[in-house]
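Notes for the structure review
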Amino acid sequence: MKVMFTVNNKKVTVDDHPGMTLLEYLRREEFYSVKYGCDDGTCGACAVIIDGHTQNACLTLVHSIHGRAVETLEGLNENDLVRSIQDRFLTEGAIQCGYCTPGMILSLAALLRKDATPAEAAIRDALSGNYCRCTGYVKPVKAMLK
Amino acid sequence: MKVVGQHTTRVDGKALARGKAVFADDIRLTDVLHIKLLYSAIPHGRIVSINTDKAEALPGVVMVLTHKDLKPHFFTTAGQGYPEPSPGDTMILNPVVRFVGDKVAVVVAESPDIAKQAVNLISVEYEEYPAIFDPEKAIDNEVIIHPEIKGDRFLFDAKRNIAARITADLGDVVSAESSSTFIFENEYSTPYAQQAHVEPHITLTWLDENDRLIIRTATQVPFHVRRIVSEVLDFPISRIRVIKPRIGGGFGAKQEILNEEICAVVTLKTGRSARIELTREEEFFAARSRHPQRIRLKMGVDKNYKIRFIDMDILENCGAYGPHALTVMSVTSQKSLSLYNIPNIRLRGNAVYTNLPIAGAYRGYGAPQGFFALESMIDEIADELKIDPVEFRRKNIFQPGDEIPIARILGEGREGYKMTLNTSGMEACLERGKLLIGWDERKNNKSGNIRIGYGVAAVCQGSGVPGIDMASAQIKMNEDGSFNLQVGATDLGTGSDTALAQIAAEVLEVPVSKIIVYSSDTDMTPFDTGAYASSTTYISGGAVKKAAELLKTRIIDQAKRIFENDEVKISEGILTASNGEKLTFSDLCTRSFYTDHQQQLMASASHTSFDSPPPFNATFAKVSVDTQTGHVRVLKIVSVTDAGQVINPSMAEGQVEGAIPQSLGMALSEFMIFDDHGQAINQDLLRYHIFNAIDMPEIVTEFVHTDEPTGPFGAKAVAEIPINGPAPAVANAVFNACGVRIRNLPIMPEKIIRWLGKL
Amino acid sequence: MWSSIRQILNPQSFDEAIRFSSRTGSALLAGGSYLVRGKNQAVHTLVDIRSLLNRRLEIQDESLFLGAGATLQDIIDEIPDTICDGWLGKTAKWSCHSKNVRQQRTLGGEIATGRSNSDIYILLQTLDPVLQVFMSTMEDVPLHLWNGIGVITGMKLNLHLKPDIVFQRYSVLESSQSYLIVTACRFNDHLTVSIGGDCTKWFSLTVPAMYLNDLSIDEISKNSASRFTNDQNGSVAYKRYLIHHSLQQIRDSI
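Residues numbered from 1 in each chain as written. Chains lettered and ligands numbered in written order. Predicted model: local features only at pLDDT ≥ 70, side-chain atom pairs only at ≥ 80, totals over all residues. Heavy atoms only, no water.

Another aspect to go through is the sheet that holds strand 9 (residues 202–207) of chain B. Residues and elements named next belong to chain B. Spatial strand order, 3-5-1-12-9-10-11: 7 strands in an open sheet with mixed pairing. A single partner strand is all that each edge strand has here, and the edge strands are strand 3 (61–65) and strand 11 (240–243). Between one strand and the next, the sheet's axes are offset by a mean angle of 20 degrees, whatever the strand orientation. On top of the sheet, helix 3 (residues 112–119) reaches strand 1 (33–39), strand 3 and strand 5 (103–109); it is set at about 25 degrees to strand 1, its chief contact. On the sheet, helix 5 (residues 222–233) packs against strand 10 (213–217) and strand 11 and is oriented at approximately 150 degrees with respect to strand 11. (Pairing = 2+ DSSP bridges. Helix = DSSP H or I, 4+ residues; strand = E, 2+ residues; numbered from the N terminus. Axes fitted to C-alpha atoms, helices over the stretch in contact; angles between N-to-C directions. Contact = heavy atoms within 4.5 Å.)

Here we take up the interface of chain A and chain B. Opposite the 46 residues of chain A that make contact, chain B presents 53 residues. One can count 8 salt bridges joining chain A with chain B. One salt bridge connects A:Lys139 with B:Glu657, and the closest N-O pair in it is separated by 3.4 Å. If you look at where chain A meets chain B, you find 27 residue pairs in polar contact (both at pLDDT 80 or more). (Salt bridge = Lys/Arg side-chain N within 4 Å of Asp/Glu carboxyl O. Polar contact = N/O pair within 3.5 Å; in protein donor to acceptor, adjacent residues only side chain to side chain.)

What follows is about helix 8 (residues 214–225) of chain C. All names here are of chain C. For helix 8, which comprises 12 residues, the first-to-last C-alpha distance of 16 Å matches the rise-based estimate of 16 Å (1.5 Å per residue) to within 8%. What helix 8 keeps buried is the set Ser216, Ile217, Ile220, Ser221, Ser224 and Ala225. Down the axis of helix 8, the buried side of the element spans an arc of 155 degrees, and every buried residue falls inside it. Elements in contact with the buried residues of helix 8: strand 11 (190–197), strand 12 (203–208) and helix 9 (236–253). Taking the backbone nitrogen of leucine 215 as reference, a side-chain oxygen 3.0 Å away marks asparagine 213 as the first, capping residue of helix 8. (Expected span 1.5 Å × (residues − 1). Buried < 20%, exposed > 50% of the residue type's maximum accessible area, 1.4 Å probe, protein only. Arc of directions from axis to C-beta.)

This part takes up the domain arrangement of chain A. Residue and element names in this part refer to chain A. Assigned domains within chain A: domain 1 (2–73) and domain 2 (76–145). One C-alpha centre belongs to domain 1, the other to domain 2, and the line joining them spans 20 Å. In this assembly, 15 residues from domain 1 lie in contact with 15 residues from domain 2. Across the domain 1/domain 2 interface, buried area totals approximately 1,400 Å², and carbon plus sulfur atoms make up 59% of it. Looking at the side of domain 1 facing domain 2, the largest losses of area belong to Lys35, Ile49 and Leu73, adding up to 40% of the total buried there. Run the count over domain 1 and domain 2 and you get 1 salt bridge. (Domains from an automatic or database assignment. Buried area = accessible area lost by both parts, 1.4 Å probe.)

A separate point is the sheet that holds strand 4 (residues 96–97) of chain B. Residue and element names in this part refer to chain B. Ordered by their spatial adjacency, 3 strands build an open sheet running 4-2-6, and the pairing between neighbours is antiparallel. Two strands close off the open sheet at either side, each with one partner strand: strand 4 and strand 6 (123–128). Two elements, strand 2 (residues 45–51) and strand 4, share 2 bridges in a ladder whose sense is antiparallel. Bridge assignment links glycine 45 to a residue of strand 4, and that residue is valine 97.

Another aspect to go through is the interface of chain C and chain A. With 24 residues of chain C in contact, the opposing surface of chain A contributes 32 residues. For the chain C and chain A pair, buried surface summed over both sides reaches about 2,200 Å², with 52% attributable to carbon and sulfur atoms. Applying the counting criterion to the chain C and chain A interface returns 2 salt bridges. Salt-bridge contacts for C:Arg102 lead to A:Asp125; the nearest nitrogen and oxygen are separated by 2.9 Å. In this structure, the connection of chain C to chain A is made through 11 residue pairs in polar contact (both at pLDDT 80 or more). Within the residue set of the side of chain C that touches chain A, elements represented by two or more residues are strand 1 (7–9), helix 2 (33–38), strand 3 (45–48) and helix 5 (99–102) of chain C. Tallying contributions element by element places helix 5 of chain C first for the side of chain C that touches chain A, with 4 residues.

Structure representation (structure tokens):
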């Protein structure tokens with residue numbers, strides 16, 4: 001069964017197994033910033049933005065997003081807001097292994113779109129769905145408070 | 001210094017920030033085969049029969065391998081140097097299974113889903129044997145877990161289920177005991193904790209155009225992978241290339257040959273590319289975890305509050321196989337016995353087999369367990385003797401200039417080397433930490449239901465394994481004055497590529513942007529034992545510094561030749577002759593390539609060390625304990641570290657900040673639970689509780705500067721040490737808060753309530 | 001890959017949705033966070049009702065209307081703290097620590113799944129809103145009477161009663177799911193107490209307002225503790241102790 005949606009503003013038509021998750025689809029299409037880390041939507045390494053809010057691609061069936069807009073980091077690297085988050089992360093040293101980084105950046109971008117100067121609690125809440133084992137979340141949060 | 005010690009953006013930072021395809025799985029392989037494993041459903045037994053017909057008949061299944069298809073060969077999966085100081089007790093697939101999660105069959109299919117379905121179509125008949133789950137019952141149990149292994153020099157006594165034994169004696173503990181005024185004796189323990197790196201174990205293999213086996217894998221030890229895969233598959237090293245791309249965390253779990261050999265077998269048998277990725281669930285039972293340990297301590301103190309002796313008895317649970325069994329226990333003891341100047345030491349340790357998942361390397365590598373026990377007991381002693389805990393520690397720590405006698409006796413799996421303490425910032429760390437946590441508050445009266453408590457732990461680690469770790473580097477110059485730095489050293493997110501670039505840049509007096517780092521490729525980079533034992537800055541950095549210095553002299557020599565002048569000075573990328581003539585690096589290299597005294601300016605060097613200067617750390621914890629429910633909340637952690645000259649401040653802080661929640665987890669929330677059939681229960685991130693962004697306490701990280709003469713630019717290690725302190729500091733803080741002493745991690749609310757007599 | 005799925009249907013009405021989902025092997029799909037995680041291999045047809053559900057959260061005439069399609073995050077973002085003292089938002093967070101998942105998880109799905117350790121579910125059981133459920137027609141059913149059949153399209157919470165709410169949850173970490181939940185709502189003359197967490201079934205009872213005394217607290221603790229087991233979070237005795245402690249705090253505050 002066919003389904004049509006956009007990925008980074010580009011229209012795509014998918015006619016594949018109805019049980020395919022968005023994570024599988026995106027990685028197959030080489031959107032490698034979207035990553036596998038767990039089986040139950042806990043780690044957030046696969047977080048993408050769908051219609052403006054972050055959602056875990058591993059819990060999303062491709063066929064349930066007909067007509068919706070998906071954004072991955074690949075499509076946002078030239079976006080000013082995302083760039084500013086990336087710059088802050090790089091300056092602060094908030095990236096270590098980098099595996100959770102795309103998910104974190106998208107979660108923060110979605111937050112900043114609604115709240116340009118979030119308080120610490122809102123930042124931590126935005127990151128609550130992104131597991132990081134390297135940074136203790138210290139520098140990612142600090143980077144956003146600057 | 002211009003570069004070392006300065007904040008420098010990571011050389012790989014931008015690619016990571018932009019989500020570029022740099023991790024192992026971020027490539028598209030043509031015609032790739034997917035591998036899924038069938039695991040044992042029983043904790044101990046023999047495979048009587050295994051029927052793979054239905055699985056093989058499933059469309060899309062290419063091959064199913066069982067123990068019958070592979071030549072029996074024993075090896076160790078431990079990613080260690082040769083000869084690996086771990087028992088050779090593992091086969092790729094063994095007809096005997098030894099834990100729920102032991103490998104039984106390998107299914108290879110056109111898609112992961114088909115492979116998964118096929119796994120469920122395999123039927124196995126087992127003859128079940130009795131199983132051992134309690135390490136206290138392992139020694140001399142009538143059940144023998146590895147009865148078939150004979151004559152392995154690194155397996156202490158298979159018939160008694162003892163994978164490794166460690167013994168060390170210093171001075172005379174017996175007479176020290178009789179001359180001690182105060183004697184203390186207690187038992188401590190730590191649980192099965194998981195590294196829980198976000199990227200699972202992932203390996204891809206293929207044959208290149210020359211039929212060489214290429215292994216692209218998330219590993220901390222590319223050279224050990226190459227050697228061990230070669231050994232296990234009887235395939236020449238010259239025909240194997242191991243490439244380590246960016247890794248999504250390892251923390252020791254990837255210091256292992258975990259499934260690379262399986263993936264390689266599939267490629268060699270089919271000629272096709274192959275891929276194996278563990279699921280998160282498999283990470284919990286089929287990978288590696290921290291060695292649970294039970295440590296009995298007996299210590300004697302004289303009337304001047306000097307520690308006279310320590311008697312340490314370790315019981316280490318290896319799980320079903322023994323990678324890192326001996327060496328983890330060695331580190332447990334050697335590090336914890338290297339902090340305080342105790343003249344009489346008795347050490348006994350046994351690492352035993354049980355029918356539980358396999359323990360392996362995990363950041364700290366035994367030291368967290370050792371320091372939990374030691375620093376808890378030190379705190380108990382201080383409390384008994386009514387002396388300030390920090391003061392008691394200060395009285396007893398080794399001072400710069402002291403020789404640390406235990407280091408000569410205890411190496412990692414063999415005799416050690418003489419160690420003299422060149423630098424120690426331990427006291428300064430303690431003093432600074434006291435200030436930052438508000439140590440004086442701890443004396444305040446505890447009243448009300450919510451009690452606030454403060455605790456401290458003093459810890460050390462090492463910088464590489466003396467006499468064992470070796471690293472090498474090569475640097476070559478390019479005609480724009482940039483340099484390619486090729487190192488075997490493995491960056492697993494620690495930032496070593498950047499730190500090593502900084503060292504090279506400092507020597508060559510160029511900006512870091514002029515150093516192009518390529519690392520961890522067994523074809524393209526020279527040897528390095530790998531990222532473990534906190535060796536990268538100290539040992540690999542040492543090699544980079546040597547290579548850069550050698551190149552620098554060659555650059556000067558070449559300039560002399562070109563200038564035809566014996567007096568040449570070098571400064572910030574410019575060579576100046578005594579008559580004022582100048583050459584930039586760019587000029588020099590261009591002329592060296594194409595026109596004058598032609599050569600490629602390059603140099604390589606190796607480095608090893610018989611020193612392993614300890615970094616030091618003081619960790620302070622502030623906690624609140626709800627004495628009605630027993631719940632503990634960590635409010636603040638202060639971690640002050642002496643890592644010598646810090647190469648990159650923000651990266652070093654990052655190492656500390658990331659280690660803290662791992663240790664807090666071990667203390668409070670992270671532990672594997674097994675049912676009475678040895679099956680792991682909490683095999684997901686909802687039931688294995690890792691500190692999340694909303695759980696984190698306030699963290700304060702600082703460094704105390706010392707200059708280690710044997711380290712590159714005075715550096716010592718920083719990657720592991722910060723994981724040693726938080727757990728004992730929290731346990732000590734809980735005691736300070738409410739008088740409850742938890743000696744067996746995790747600290748559970750019920751334990752506190754029971755201790756308080758409320759239940 | 002949820003390999004057992006063969007088709008995803010998009011019903012145009014609740015009527016169609018009921019018909020499609022009544023067949024064996026069919027399941028209603030709203031947000032999907034529970035279903036796709038579980039990947040039940042016995043399910044081959046998903047009936048996508050997300051576009052049929054409304055997401056609105058509205059206060060009208062002293063009642064709070066919550067559309068079943070509202071997400072847990074919508075509840076946190078849009079319901080002011082003055083409503084039920086902010087407990088809907090707080091429990092929504094505790095039910096699901098991940099903001100990413102909260103943005104996908106619908107209120108209807110949360111109620112239909114009915115986890116004993118879902119804080120917002122237990123809170124709602126205690127507040128007992130009236131559900132709008134479509135079976136063959138749209139019907140009003142109080143939550144505590146709902147038999148699990150039909151499609152929840154929304155619910156209505158009566159606000160004029162202004163209940164006093166006490167909510168206590170126990171978890172390993174702030175981000176962990178609750179292993180024990182003890183909550184009570186006092187509506188003028190009566191009190192509803194609910195106990196949930198990692199138990200066989202959550203438990204609720206409605207009693208006169210002054211009911212809680214030492215004896216009744218002991219009894220409730222004993223009865224509800226029997227639904228728990230000795231596990232990694234503690235023994236049954238400990239959980240009983242905590243329930244007892246929470247009930248005492250409830251008695252003292254409302």
